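Descriptive structure summary
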Amino acid sequence: MKKFTVFTLAVFFGLATMQAQGDFKAGIHAGLPVGDAGDLATFSIAVDLGYLFDVSDNFQAGPTIGFSQSFGDEIDTGIGTFEVDDVQFLPIAAAGRFHATDQFSLGLDLGYALGINDGNDGGFYYAPRAAYSLSETLDLVLAYRGVSLDGGSWDILSLGLEIDLN
């Protein structure tokens, strides 16, 4: 798994340094765990870094990498309480963005989320999203971030800001 991660990071940064028309994007997001995750965690944060190439006038695509942490809840079992450990992922994905208008875009990230905390094997990562441009360099982003796990999924509904670093 370490070789895969190092290779993926090398490809990501190699592509990002090419002399192509594109945009560096960085984002920070706050989220609420939903579904199974909502039973075990209280709050989530996520950060993303991506490089999007201009494919056409209205479409961009490229690699993205991120980090998410969901803060474990305290569960009352009736005979006592226990604390759930924090859950952390390192999503590595391909991103696509369709710009419907100058202010509004829809996107999807697909890839694999490496599980970082003990007992977390990771899984298939998907993140559909909608963004509204607040300015030329700042977007407000609503996203549904999910990781398919054996026997379930880890899902977060997030709201955040994304900045164009160019």
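Residues numbered from 1 in each chain as written. Predicted model: local features only at pLDDT ≥ 70, side-chain atom pairs only at ≥ 80, totals over all residues. Heavy atoms only, no water.

**Details of the pairing of strand E1 (residues 22-34)**
- For E1 and strand E2 (residues 41-54), the ladder comprises ten bridges, and the chain directions are antiparallel. Bridging across to E2, Asp-23 finds its partner in Leu-52.
- Inspection of the sheet shows E1 paired to strand E10 (residues 152-164) by ten bridges, in the antiparallel sense. What sits directly across from Lys-25, in E10, is Asp-164. (Pairing = 2+ DSSP bridges. Helix = DSSP H or I, 4+ residues; strand = E, 2+ residues; numbered from the N terminus.)

**Some thoughts on a negative patch on the surface**
- Together, Glu-74, Asp-76, Glu-83, Asp-85 and Asp-118 make up a negatively charged patch on the protein surface.
- Checked against the element boundaries, Asp-76 lands in strand E4 (residues 74-76).
- On the accessibility criterion, Asp-76 (58% relative accessible area) is exposed. (Patch = residues over 30% accessible without salt bridge, like charges linked within 9 Å, V, L, I, M, F, W, Y side chains within 5 Å. Areas by Shrake-Rupley, 256 points an atom, 1.4 Å probe, with all protein chains shown as cover. Salt bridge = Lys/Arg side-chain N within 4 Å of Asp/Glu carboxyl O. Lys, Arg positive; Asp, Glu negative; His and termini not counted. Charge placed at Lys NZ, Arg CZ, Asp CG, Glu CD. Buried < 20%, exposed > 50% of the residue type's maximum accessible area, 1.4 Å probe, protein only.)

**Observations regarding the pattern of salt bridges**
- Considering all chains together, one arrives at three salt bridges under this definition.
- Arg-145 is the salt-bridge partner of Asp-48, the closest N and O atoms lying 3.0 Å from each other. Here the residue Asp-48 occupies a position in strand E2, and Arg-145 occupies one in strand E9 (residues 138-149), the gap between them amounting to 97 residues.
- On the accessibility criterion, Asp-48 (14% relative accessible area) is buried.

**Brief notes about the nonpolar core**
- Of all hydrophobic cores here, the largest spans eleven residues; its members are Ala-37, Ala-41, Val-87, Phe-89, Ala-93, Ala-113, Tyr-125, Ala-127, Val-147, Trp-154 and Ile-156.
- At the level of elements, strand E6 (87-99), strand E8 (123-133) and E10 are the ones that each hand at least two residues to this core.
- Here this core takes three residues from E6, the largest share from any one element.
- Those residues within four positions of Ala-37 in sequence are excluded, and the remaining contacts are Ser-153, Trp-154 and Asp-155. (Core = buried A, V, L, I, M, F, W, Y, C linked by side-chain atoms within 4.5 Å. Contact = heavy atoms within 4.5 Å.)

**Looking at the sheet that holds E9**
- A barrel is described by the order of its strands in space; here eight strands give the closed sequence E1-E2-E3-E6-E7-E8-E9-E10, paired in antiparallel fashion. Across the sheet, the mean angle separating the axes of adjacent strands is 25° when strand polarity is ignored.
- The sheet contact formed by E8 and E9 spans eight bridges and is antiparallel. Following the sheet pairing, Tyr-126 is matched in E9 by Gly-146. (Axes fitted to C-alpha atoms, helices over the stretch in contact; angles between N-to-C directions.)

**Describing the side chain of Ser-153**
- One can find Ser-153 in strand E10.
- Looking at Ser-153, its side chain comes within polar contact range of the side chain of Asp-155, at 2.7 Å.
- Not counting the four nearest positions on each side in its chain, Ser-153 is found in contact with Asp-36, Ala-37, Tyr-126, Val-147 and Ser-148. (Polar contact = N/O pair within 3.5 Å; in protein donor to acceptor, adjacent residues only side chain to side chain.)

**Let's talk about the pairing of strand E3 (residues 59-72)**
- Looking at chain direction, E2 and E3 are connected through eleven bridges and run antiparallel. Opposite Ala-46, over in E3, you have Ser-68 as the bridge partner.
- If you look at the hairpin formed by E2 and E3, you'll find four residues sitting between the two strands.
- Here E3 runs beside E6; their pairing, made up of ten bridges, is antiparallel. Within E6, the position partnered with Ser-68 by the bridge is Phe-89.

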